[in-house]
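# Structural overview for review
Residues per chain, in single letters:
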Protein chains: 2
Amino acid sequence: MPRRRQAVTIKHVAADAGVSLQTVSRVINAEPNVREEMRGRVQASIDRLGYSPSIAAQRMSGSRSYLILTLNDRDRTIEAWRARQGSDWVDQMLLGGMLKCAEHGYRMLFELVDTHDDHVERELTATLAALQPDGVILTPPHSDNPKITAFLQSRRVPFARIGSKGKAGGIPLVMGDEDAARDATRRLVELGHERIGFIAGSKEYSLSEWRKAGWRSAMADASLPLDGLCVRGDFSYESGLAAARSLLALERRPTAIIASNDQMALATRDVAEEMGIAIPETLSLISFDNTPVTTFANPPLTAIDQPIAETVSRAVELLIAASRGEELPHLPVIVPAKLIERGSTGPAPLAG
Amino acid sequence: MPRRRQAVTIKHVAADAGVSLQTVSRVINAEPNVREEMRGRVQASIDRLGYSPSIAAQRMSGSRSYLILTLNDRDRTIEAWRARQGSDWVDQMLLGGMLKCAEHGYRMLFELVDTHDDHVERELTATLAALQPDGVILTPPHSDNPKITAFLQSRRVPFARIGSKGKAGGIPLVMGDEDAARDATRRLVELGHERIGFIAGSKEYSLSEWRKAGWRSAMADASLPLDGLCVRGDFSYESGLAAARSLLALERRPTAIIASNDQMALATRDVAEEMGIAIPETLSLISFDNTPVTTFANPPLTAIDQPIAETVSRAVELLIAASRGEELPHLPVIVPAKLIERGSTGPAPLAG
DNA sequence: CTGAAAGCGCTAACAC
DNA sequence: GTGTTAGCGCTTTCAG
């Protein structure tokens, strides 16, 4: 194997422009103390030679690595990929993150970390040592993992926590779950629904509680009863089946149901079909997340979109801003989620 | 900003183990010329101190970067992400690639490159200079882009080409499209079908022709006619509608149709429904790719799975092997695709 | 405002 | 087998 070296280095540029390495470095990093004329001359050489700095070398010399690292839960992510249920969480993260990184000349890395393991710290140490990212983005449930957040804080690596409000350091960002749940519930009330069921998600994710809180508060605002209308699932299709069955077996059956994710909504639809309950004529259905399956379902599901791309994009932006010492906005950052009306919601059936 | 340095470096390990840097380096890289006893001592220090080498430094010193770079088409990928049609191509690439990389202590990077641009070379130069990957994986349609393949060859960067058989250098890997199309056609013949329509994909992708060739050859083997039974689409849902309409308007209507991707198959299903043609009773339908939508469709679609994860996994494996100077298998590498039978295929209807 | 020198963490090449 | 030396490409001091 030949010792592969950089084709064109800062030296070549310096020689070509007739200046010192240092001046070229200053131009690359948009630093002050360079005359405009010099800057122009150096930039011309850079363009002509097609020079691009090696991030390895930049990192080595102790400055930035121009790398933003996204950390996802290993087991869950792999399981989701293997199951091929069509969730595009990772894709949306990449969409939002990579584009924003590119805008600022950064690269986004995507890595999996094992939470089970007792050696989360070891694994993190290794990843950070190897990659030396300028910022880290944590996704649920890592965002609330005290081992991880404490470790990152101790290492003084800037990090963002998606889907977390807690005071665990770093930059927390949430996706307007509570407001969106409230909006969805209100919309159903507008449509004349009075008994609106709610299928909650696993307590392991804090957003489960936020979603539920939104529903509760909108119900309270409308002076509607909550009795027996909330059932807990765990985000799986199976748990959705059980939850839907229990809701639809109620004496005073709900005329609308909000499910805390698409899989449980799909399960609810299937239970309704099995019971001969028509959607949306007899039962309105709203789901959370708005993964691609919502549009392929029959009828297409009205859903609350989870603005993953935008949230990750914001996270990248804030991480870069923070690394430059710029001021941060009020935390947590809230990225609003929108209700997308499709075919699974309609006016409440006439009381019978 | 504090000058962030490695917490524990090779020096610390060397000091701790009482050996030279070089010996530690040899242990890290599993190189020969180290006594077992030494190796053990050094490894113990590594473990105790929680040492992990900096890939930046490793790359700097002229050896490997332990980075494999995957290049996808920028516009198409972003468009697919935005459209949220549920294609999990990227996810499957990551699944196959990241896990295999991890096995060998490599990291996988995912980047987008702009093909439109006349400055593909500039963009590639910059990416390679910045990242210095040990290997590059090209996906369609990049795999057949002569600008890209020629550039990579001139730079002597090892690369793999997914979905390409051509002699453009690097390691070509294909996903058994022709064989799979043949198998699918045969299966329909077994089920008694004699008029089997085929909706081809865009010529821009070579796999379109391979799929078509498989169908043709199986039809020929069964001495079945091809007249008017092949229509070309462009992989879009809309093109699928047109193609399906023209096939189903034939005087001697096909009793089975193979669509070159899932979107066109979905379109075919919709046209059939609109015409009152029952699936699978009156029309059998097979699609290519097996993206998640196939399982959510009604009926679930019989499909030919595209083994993306496995193919990318193989690509990583071969790239790493090649970088070690190991011998490569016969090229192109063919990763077989399997037919997955679901609810859209059945026996041919009785001749009427 | 610009340049020279030192060093980041690691490995290639060579000596022992 | 093992250690020593000299860089890799860049940025950080610190002089001028």
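As the structure is a prediction and not an experimental result, all values here were calculated from the model. (Residues numbered from 1 in each chain as written. Chains lettered and ligands numbered in written order. Predicted model: local features only at pLDDT ≥ 70, side-chain atom pairs only at ≥ 80, totals over all residues. Heavy atoms only, no water.)

### Brief notes about the relation of the copies chain A and chain B
With an axial shift of 0.1 Å and an RMSD of 0.2 Å, the rotation relating chain A to chain B amounts to 180°. The operation mapping one copy onto its partner corresponds to a two-fold rotation axis. Residue A:Ala56, judged by its C-alpha, is the member of chain A lying nearest the rotation axis, at 2.1 Å. Both copies present the same face, since 100% of the interface residues in chain A are matched by interface residues at the equivalent positions in chain B. (Least-squares fit on C-alpha atoms with pLDDT ≥ 70 in both. Contact = heavy atoms within 4.5 Å.)

### Some thoughts on the sheet that holds strand β3 (residues 135–138) of chain B
Residue and element names in this part refer to chain B. Pairing within the open sheet is parallel, and its six strands lie in the order β2-β1-β3-β4-β5-β11. Pairing within the sheet leaves two strands with one partner each, and these edge strands are β2 (107–113) and β11 (333–334). Examined bridge by bridge, strand β4 (residues 159–162) and strand β5 (residues 171–174) share three bridges and lie parallel to one another. Across the sheet, Ile162 pairs through a bridge with Leu173, a residue of β5. Running over the sheet, helix α7 (residues 120–131) touches β1 (67–73), β2 and β3 and is turned about 160° from β1. (Pairing = 2+ DSSP bridges. Helix = DSSP H or I, 4+ residues; strand = E, 2+ residues; numbered from the N terminus. Axes fitted to C-alpha atoms, helices over the stretch in contact; angles between N-to-C directions.)

### Overview of the nonpolar core
If you look at the biggest cluster of nonpolar residues, it comprises 63 residues, and the most contacted ones within it are A:Leu94, A:Ile137, B:Leu94 and B:Ile137. Formed by 36 residues, the second largest nonpolar core is a distinct cluster that contains A:Ile55, A:Ile148, B:Ala130 and B:Val136. (Core = buried A, V, L, I, M, F, W, Y, C linked by side-chain atoms within 4.5 Å. Buried < 20%, exposed > 50% of the residue type's maximum accessible area, 1.4 Å probe, protein only.)

### Overview of the interface of chain A and chain B
In many analyses, interface size is given as the accessible surface area lost on bringing the parts together. Contacts between the two partners involve 60 residues from chain A and, on the opposite side, 60 residues from chain B. Taken over both partners, the interface formed by chain A and chain B buries close to 5300 Å², and the fraction arising from carbon and sulfur atoms is 53%. Counting every contact that joins chain A to chain B gives six salt bridges. The tally of links from chain A across to chain B stands at 19 residue pairs in polar contact (both at pLDDT 80 or more). For the side of chain A that touches chain B, the class distribution of residues is 28 nonpolar, 16 polar and 16 charged. (Buried area = accessible area lost by both parts, 1.4 Å probe. Salt bridge = Lys/Arg side-chain N within 4 Å of Asp/Glu carboxyl O. Polar contact = N/O pair within 3.5 Å; in protein donor to acceptor, adjacent residues only side chain to side chain. Nonpolar A, V, L, I, M, F, W, Y, C, P; charged D, E, K, R; others polar.)

### Observations concerning the sheet that holds strand β7 (residues 230–232) of chain A
Residues and elements named next belong to chain A. Here we have six strands laid out as an open sheet, ordered β7-β6-β8-β9-β10-β12, and mixed in their pairing. One side of each edge strand has no neighbouring strand; the edge strands of this open sheet are β7 and β12 (339–340). Relative to strand β8 (residues 256–259), strand β6 (residues 196–200) runs parallel, the two being bridged by four bridges. Following the sheet pairing, Ile196 is matched in β8 by Ala256. Helix-sheet contacts for helix α9 (residues 177–190) involve β6, β8, β9 (284–289), β10 (302–305) and β12, and the interaxial angle to β9 is about 170°.

### Some remarks on the pairing of strand β8 (residues 256–259) of chain B
Residue and element names in this part refer to chain B. Side chains of β8 alternate between two faces, with Ala256 and Ile258 and Ile257 and Ala259 buried alike. Where β8 lies against strand β9 (residues 284–289), four bridges are found, and the strand directions are parallel. Along β9, the bridge assignment pairs Ala256 with Ser284.

### Thoughts on the state of the cysteines
Counted under the stated rule, the structure contains zero disulfides over all chains. With no disulfide partner, B:Cys101 has as its closest neighbouring cysteine sulfur the one in A:Cys101, 20 Å distant. (Disulfide = S-S within 2.5 Å.)

### Details of the UniProt feature "domain: HTH lacI-type" (unreviewed entry) in chain A
Under the present numbering, the feature "domain: HTH lacI-type" (unreviewed entry) in UniProt falls on residues 8–62 of chain A. With 65% helix and 0% strand, residues 8–62 of chain A has end C-alpha atoms that lie 21 Å from one another. (UniProt positions renumbered as here; feature names shortened; annotations may be inferred.)

### Some details on the environment of A:Tyr205
Residues and elements named next belong to chain A. Assignment of secondary structure puts Tyr205 in the loop between β6 and α10 (206–221). Linking Tyr205 and Ile308, residues 103 residues apart in sequence, is a C-alpha distance of 16 Å. Every residue in contact with Tyr205, bar those within four places of it in the chain, is listed here: Arg76, Pro140, Pro141 and Phe235.

### Looking at the protein's contact with DNA strand D
As a structural note, the neighbourhood of DNA strand D is formed by 28 residues, with A:Ile10, A:Gln22, A:Tyr51, B:Thr23 and B:Arg35 the closest of them. Of everything in DNA strand D that lies within 4 Å of the protein, sugar and phosphate atoms constitute 66%. Between A:Gln22 and DNA strand D, the recorded distance is 2.6 Å, taken from a side-chain N or O atom to a base oxygen. Between a phosphate oxygen of DNA strand D and a main-chain N or O atom of A:Ser54, the distance comes to 3.3 Å. (Near = heavy atom within 4 Å.)

### A look at the protein's contact with DNA strand C
If you check the shell around DNA strand C, you find 28 residues, and the closest are A:Thr23, B:Ile10, B:Gln22, B:Tyr51 and B:Ser61. In DNA strand C, the atoms that sit within 4 Å of the protein are 65% sugar and phosphate, with bases accounting for the remainder. Backbone polar atom of B:Ile10 to a phosphate oxygen of DNA strand C: 2.3 Å apart, as the coordinates give it. Looking at side-chain class alone, the surface near DNA strand C contains nine nonpolar, 14 polar and five charged residues.

### Points about the pattern of salt bridges
Within this structure, the stated rule accounts for 46 salt bridges over all chains. The shortest N-O distance in the salt bridge between B:Asp289 and B:Arg211 comes to 3.1 Å. Placement of B:Asp289 in strand β9 and of B:Arg211 in helix α10 (residues 206–221) is noted, with a sequence separation of 78 residues between them. Like B:Arg211, B:Asp289 is buried. Through salt bridges with shared partners, a single network forms among A:Lys100, A:Glu103, A:Arg314 and A:Glu317.

### A word on the pairing of strand β10 (residues 302–305) of chain B
All names here are of chain B. Of the two faces of β10, the one carrying Thr302 and Ile304 and the one carrying Ala303 and Asp305 are both buried. When β10 meets strand β12 (residues 339–340), the two strands line up antiparallel, connected through two bridges. Directly across from Ile304, in β12, lies its bridge partner Leu339.

### Regarding the packing of helix α7 (residues 120–131) of chain A against helix α8 (residues 146–154) of chain A
Residue and element names in this part refer to chain A. Two numbers describe how α7 lies on α8: the axes approach to 10 Å, and their chain directions differ by 40°. Here α8 runs oblique to α7, going by the angle between their axes. Note that α7 runs across α8; the crossing there is right-handed. Residue-level contacts link Val120, Glu121, Leu124, Thr125 and Leu128 of α7 to Lys147, Ile148, Phe151 and Leu152 of α8. Across the contact of α7 with α8, the residue classes tally to six nonpolar, one polar and two charged. (Parallel < 35°, antiparallel > 145°, perpendicular 65-115°, else oblique. Left-handed = near helix turned anticlockwise from the far one by under 90°.)

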